[in-house]
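Chains, contacts and geometry: an overview
Here's the letter readout for the chains.
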Amino acid sequence: MKILIVEDEKELRENIITYLNSDNNVCEGASTLATAITKLEYYNYDCVLLDLGLPDGEGFAILEFLKEEMRGELVLIISAKNSVEDKIKGLNIGADDYLIKPFHLAELKARLEAIFRRKAANSNNKLVFHEITINLLGRTVDVNNTVVPLTRKEYDLLLYFIANKGRVISKNAIAEHLWGDEMDMTDNFHFLYTHIKNLRKKLQDASCKDYLISIYGIGYKFLPE
Amino acid sequence: MKLSAHYNRSNILITLSVLIVGAVIYFFAISYIIQKQLDRDLTEEMTEVVNYTNLHNSRPVLLDIDEEDIVFTETDQQHFKTIFYDAPFKHQIKNDGDDNNGRAVKTLISVNGKNYFLSITISRDSTEYLVQVIATITLALMAGLFLILFLTNRYVSNDLWKPFFDLLRQLKTFSISEHTRFTLTSHKIDEFNELENVVQQMSSRAKKDYRTLKQFTENASHEMMTPIAVITSKLDILIQDNSLSTAHYQQLQDIYSATSKLSRVNRSLLQLVKIENDLSDETEQLDLDQLIIEKADQFTELIDAKHIELSMDLNPRIIFASRALIDMLLNNLFSNAIRHNIDHGLLRVTLTEEEMIIQNSGILNQLNEDTLFERFQKSEKSEGTGLGLAIVKSICNVYGWNISYSYKEGQHFFKIIF
């Protein structure tokens, strides 16, 4: 995937690039509206990560530019403003998703993959990871052609892990992904262990290789191989 | 007691006393004048009699035609000072037995070398009638004046105070967070105009200060979001490092938790600011019972993790509110009821047309209801932001609902009366 990251905060931009720069992704950064428009005029991208509050204007201008030019770039808005109006406005002008700062990079990656899959859903609605096949439309999971019955949360968890394969994901990031950070439950991760344990067991019961390793004290890692 | 009543009362008291004192003075003055007049008449009469005796050297023939009573009494006294005094008056002709009031004069007169007391009495009938007429007119005038004063005070002062009460009514409904303005009406009374102007200026200043403060909270919270985002992303990158030890990871986990709490506090502050902004545009018709079922569903895993027994008794209830706010409200109430619950505890939600009750068992003893809904009030053990119930309270305020807390036998009750 070729991704343009429009974000004026240098540290954040570079961290996003570092995190996303693998899995055959190519990331480029832009810190202003003008630079972003120039880049978009010359190159095509698969996806644009767009911060709304830029030093030389609101990020909506980029959405309008893309709409006028009838471009196919996916747009994921990243904004510090948790504003319903901004969200509705963004989605109306053509953004595909809206992520509020602060966010975990794992969440960003999962969202990116999700909107990318949604776009590709017409041609390919299956996600294959080694012996695991995920039917994205029916939300079912097969391992070696055997259906693995997963709950809604376990299914979300599996997709999340696959999107962030090879990365260490913190418990906080997983909990916030599954329940949202407004749930305010991070003082107690017990419920999380249960879900991960169940998912792991169900996959192993279907003789799937155990890709999930626990990193003591911080979280989990889903092995790419 | 109202100021106008106070004013009215003292006004009437003063008027009344002045009128009474005036009437008394008036009465005595008239009495005095009349007495003087009678005495003058008597003196004239006496002079006539004395002249007559001097001229004819005999006592005058007493005539009963005149409205006077002349009596001669022999005496040995040589000296007597003429005196005037009140005496009963006996009518000589139409003596009906009644003694009327009269005025008399007594003097020493000498006829043919003999000394006599001469006393002349005249009736005061006519003068008393005059006094009565004057007194009646005066009393009628007093009563009339009194009534007019009373009515004027009552109606004119009510009218006068009207702008004041209008202003008072507006002040009562004044809310610093609302966008309403004082409606100024121009009056004839300078004091009220001034008062209104001052109140108007004060309220706009308070509102401006409040807006500035709110703006500051909003900006400060927003500005913090980006640095928190940087910290979070740095942590996300840092934990990818294979060379980290378990001890490092544990430190990092603490930073994660602190950062996430910081971001939640920030987000809650922003929510509080947002709740107080006008959200009437977002009002829609909502089935509260359905929303509660959905919310309970979202929390299923957390409820199960603590083995909490959830029971719901929901009657259909339609509310008109903002979906986002109601979601926030239920989120906070549910997460509180679960977070502070005990293992194998109880959570019960009751919804009727009039009220919603969330009941849960808890680790804590009774909470202090006075401070419970204030910002940053939380128990020592609580990992929450301390803003959850403040948010709940704010949302209830938006819709004019009343939220209360009670505790009974290990159970906490949060009750919202619609």
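Just so you know, the residues in each chain are numbered from 1, in the order the chain's sequence is written. Both sets of labels track the order of writing: A upward for chains, 1 upward for ligands. pLDDT decides what is reported in this predicted model: residues at 70 or higher carry local features, side-chain atom pairs at 80 or more are listed and counted, and totals for whole chains, interfaces and linings draw on all residues regardless. Side-chain measures were taken over the full set of non-hydrogen atoms in the model, leaving aside hydrogen atoms and water.

The subject of this paragraph is the overall build of chain A. Numbering of helices and strands runs from the N terminus; a helix is a DSSP stretch of H or I covering at least four residues, while a strand is a stretch of E covering at least two. Within chain A, the secondary structure is distributed over 8 helices and 14 strands. Evaluated residue by residue, chain A yields a buried proportion of 54% over its 225 residues. Contact definition: two residues touch when any of their heavy atoms are within 4.5 Å. Sequence separation of at least 24 residues holds for 59% of the intrachain contacts in chain A that already meet a minimum separation of 6. The cut-offs for exposure are 20% and 50% of the maximum accessible area for each residue type, with area from a 1.4 Å probe on protein chains only; residues under the lower value are buried, those over the upper are exposed, and the others partly exposed.

Counting its secondary structure elements, chain B contains 9 helices and 11 strands. Looking at chain B as a whole, 39% of its 418 residues are labelled buried. Just so you have it, chain B exposes about 24,700 Å², and 56% of that area is on carbon and sulfur atoms. Shrake-Rupley sampling with a 1.4 Å probe provides the accessible areas, and residues are treated as covered by the protein chains on show and by no other component.

This brings us to the sheet that holds strand E11 (residues 146-148) of chain A. Residue and element names in this part refer to chain A. Being paired, for any two strands, means DSSP has found at least two bridges between them. An order of E8-E9-E10-E11 is seen for the 4 strands of this open sheet, with the pairing classed as antiparallel. Bordering the open sheet on either side are strand E8 (126-129) and E11, each of which pairs with just one other strand. Strand-to-strand, the axes of this sheet are offset by a mean angle of 25 degrees, without reference to chain direction. Sheet topology places strand E10 (residues 140-143) next to E11; 3 bridges connect them, and they run antiparallel. Bridge pairing in E11 places Val143 opposite Thr146. Inter-axis angles, ranging from 0 to 180 degrees, are taken between N-to-C directions of lines fitted to C-alpha atoms, where helices are fitted over the stretch in contact. Contacting E8, strand E9 (132-135) and E10, helix H6 (residues 152-163) crosses the sheet at an angle of about 120 degrees to E9.

Residue and element names in this part refer to chain A. For helix H4 (residues 84-93), the full list of buried residues reads Asp86, Gly90 and Ile93. Buried residues of H4, seen end-on, are gathered within an arc of 70 degrees and therefore sit on one face of the element. Facing away from the buried side of H4 by over 90 degrees, the exposed positions are Glu85 and Asn92. Buried-residue contacts for H4 involve helix H3 (60-68), strand E6 (74-79) and strand E7 (97-100). To obtain the arc, one takes the directions from the helix axis to the C-beta atoms.

Residues and elements named next belong to chain B. At a closest axis distance of 10 Å, the pairing of helix H4 (residues 246-276) and helix H9 (residues 388-398) adopts a crossing angle of 10 degrees. Comparing their axes, H9 and H4 come out roughly parallel. Side by side, H4 and H9 meet where Ser268, Gln271, Leu272, Ile275 and Glu276 of the first sit next to Ala390, Ile391, Ser394, Ile395 and Val398 of the second. Here the nonpolar group is Ala, Val, Leu, Ile, Met, Phe, Trp, Tyr, Cys and Pro; Asp, Glu, Lys and Arg are the charged ones; every other residue, Gly included, is treated as polar. Within the contact of H4 with H9, the residues separate by chemical class into 6 nonpolar, 3 polar and 1 charged. Oblique is the label for every angle not falling under 35 degrees (roughly parallel), over 145 degrees (roughly antiparallel), or within 65 to 115 degrees (roughly perpendicular).

All names here are of chain A. Here a pair means two rings of Phe, Tyr or Trp (six-membered ring of Trp) with centres within 6.5 Å. Their orientation is stacked below 30 degrees between planes, edge-to-face above 60, and tilted elsewhere. On inspection of all chains with the given rule, the structure shows 14 aromatic pairs over all chains. An aromatic cluster is built from Phe129, Phe161, Tyr211 and Phe222, whose rings are joined through pairwise contacts. Only Lys NZ and Arg CZ are tested; either one counts as a charge over a ring when it is within 6 Å of the ring centre and within 35 degrees of the ring normal. Here Lys89 stacks its cationic end above the ring of Phe60, 4.1 Å away from the centre of that ring. Across the ring face of Tyr19, the terminal group of Arg167 is positioned such that the distance to the ring centre comes to 4.6 Å.

To continue, consider the confidence of the model for chain B. Should the pLDDT be low somewhere, the predicted coordinates at that spot are not to be read in detail. Predicted confidence across chain B gives a mean pLDDT of 83, with 92% of residues reaching 70 or more. For this predicted complex, the interface score ipTM comes out at 0.90, alongside a pTM of 0.69. A residue's pLDDT is simply how confident the predictor is in it, with values from 0 to 100.

Turning to the pairing of strand E14 (residues 219-222) of chain A, a few remarks are in order. Residues and elements named next belong to chain A. Note: strand E12 (residues 168-170) against E14, 3 bridges, orientation antiparallel. Bridge pairing in E14 places Ser170 opposite Gly219. Bridge count between strand E13 (residues 212-215) and E14: 4 bridges; the pairing is antiparallel. Looking at E14, one finds that Ser214 is bridged to Tyr220. Hairpin connection between E13 and E14: a loop of 3 residues separates the two successive antiparallel strands, and Gly217 in this loop has a positive phi of roughly 90 degrees.

Moving on to the nonpolar core. Residues grouped as a nonpolar core are buried Ala, Val, Leu, Ile, Met, Phe, Trp, Tyr and Cys residues, joined through side-chain atoms within 4.5 Å. Counting 99 residues, the largest nonpolar core has Ile16, Leu108, Phe161 and Ile174 of chain A together with Met356 of chain B as the members making the most contacts within it. With 9 residues, the top contributor of residues to this core is helix H7 (residues 323-339) of chain B.

By secondary structure assignment, the location of Lys153 of chain A is in helix H6. With sequence-adjacent residues up to four places away left out, Lys153 of chain A is seen in contact with Leu178, Trp179 and His195 of chain A together with Glu301 of chain B.

Another point: the interface of chain A and chain B. Contact residues are listed per partner, giving 46 residues for chain A and 42 residues for chain B. Throughout, the accessible surface (probe 1.4 Å) given up by two parts as they are put together, summed over both, is called the buried area. Both faces combined, the contact of chain A with chain B buries some 3,900 Å², and carbon together with sulfur accounts for 57% of it. Salt bridges are identified by distance alone: a Lys or Arg side-chain nitrogen within 4 Å of an Asp or Glu carboxyl oxygen. The tally of links from chain A across to chain B stands at 2 salt bridges. As a salt-bridge pair, Arg152 of chain A and Asp297 of chain B come within 3.9 Å of each other at their nearest N and O atoms. Pairs of N or O atoms within 3.5 Å make up the polar contacts considered here, provided that, within protein, one atom can donate a hydrogen while the other can accept it, and that residues adjacent in sequence are counted only when both atoms are side-chain atoms. Seen at the junction of chain A and chain B, the total is 7 residue pairs in polar contact (both at pLDDT 80 or more). Listing elements by their share of the side of chain A that touches chain B, those giving two or more residues are helix H1 (10-20), H4, helix H5 (105-120), H6, E12, helix H7 (171-179) and helix H8 (190-205) of chain A. Looking at the side of chain A that touches chain B residue by residue, the classes come out as 19 nonpolar, 12 polar and 15 charged.

Strands belonging to one sheet form pairs held by backbone hydrogen bonds; the direction of such a pair is parallel or antiparallel. All names here are of chain A. Overall, parallel pairing links the 5 strands, which are arranged E2-E1-E3-E6-E7 in an open sheet. The open sheet has two edge strands, strand E2 (26-30) and E7, and neither has a second partner. Geometrically, the sheet is characterised by an average inter-axis angle of 20 degrees between neighbouring strands, direction not taken into account. The sheet contact formed by E6 and E7 spans 4 bridges and is parallel. By the bridge assignment, Leu76 is partnered in E7 with Asp97. Where H5 meets the sheet, its contacts fall on strand E1 (2-6), strand E3 (47-51), E6 and E7, and the angle it forms with E6 comes to roughly 155 degrees.

Before going further, it helps to examine the side chain of Asp289 of chain B. All names here are of chain B. Residue position: Asp289 is located in helix H5 (residues 288-298). Among buried Asp, Glu, Lys and Arg side chains, Asp289 stands out as unpaired, with Arg317 the closest opposite charge at 8.6 Å. Non-local contacts of Asp289, meaning those with residues more than four positions away in its chain, are made with Leu314, Asn315, Pro316, Arg317 and Leu351. Under the counting rule used here, the positive set is Lys and Arg, the negative set is Asp and Glu, and His together with the chain ends is not counted.

Our next topic: the pairing of E8 of chain A. All names here are of chain A. When E8 meets E9, the two strands line up antiparallel, connected through 4 bridges. Bridge pairing in E9 places Lys126 opposite Asn135. A loop of 2 residues connects E8 with E9, the two strands running antiparallel in sequence, and His130 in this loop sits at a positive phi of about 50 degrees.

This paragraph deals with the environment of Leu158 of chain A. All names here are of chain A. Structurally, Leu158 is set in helix H6. Of the residues examined, Leu158 reaches a relative accessible area of 0% and is grouped as buried. In sequence terms Leu158 and Phe222 are 64 residues apart; their C-alpha atoms lie 9.3 Å from each other. If near-sequence neighbours (up to four positions away) are discounted, Leu158 is found in contact with Ile132, Ile134, Val141, Leu150, Leu199, Leu203 and Phe222.

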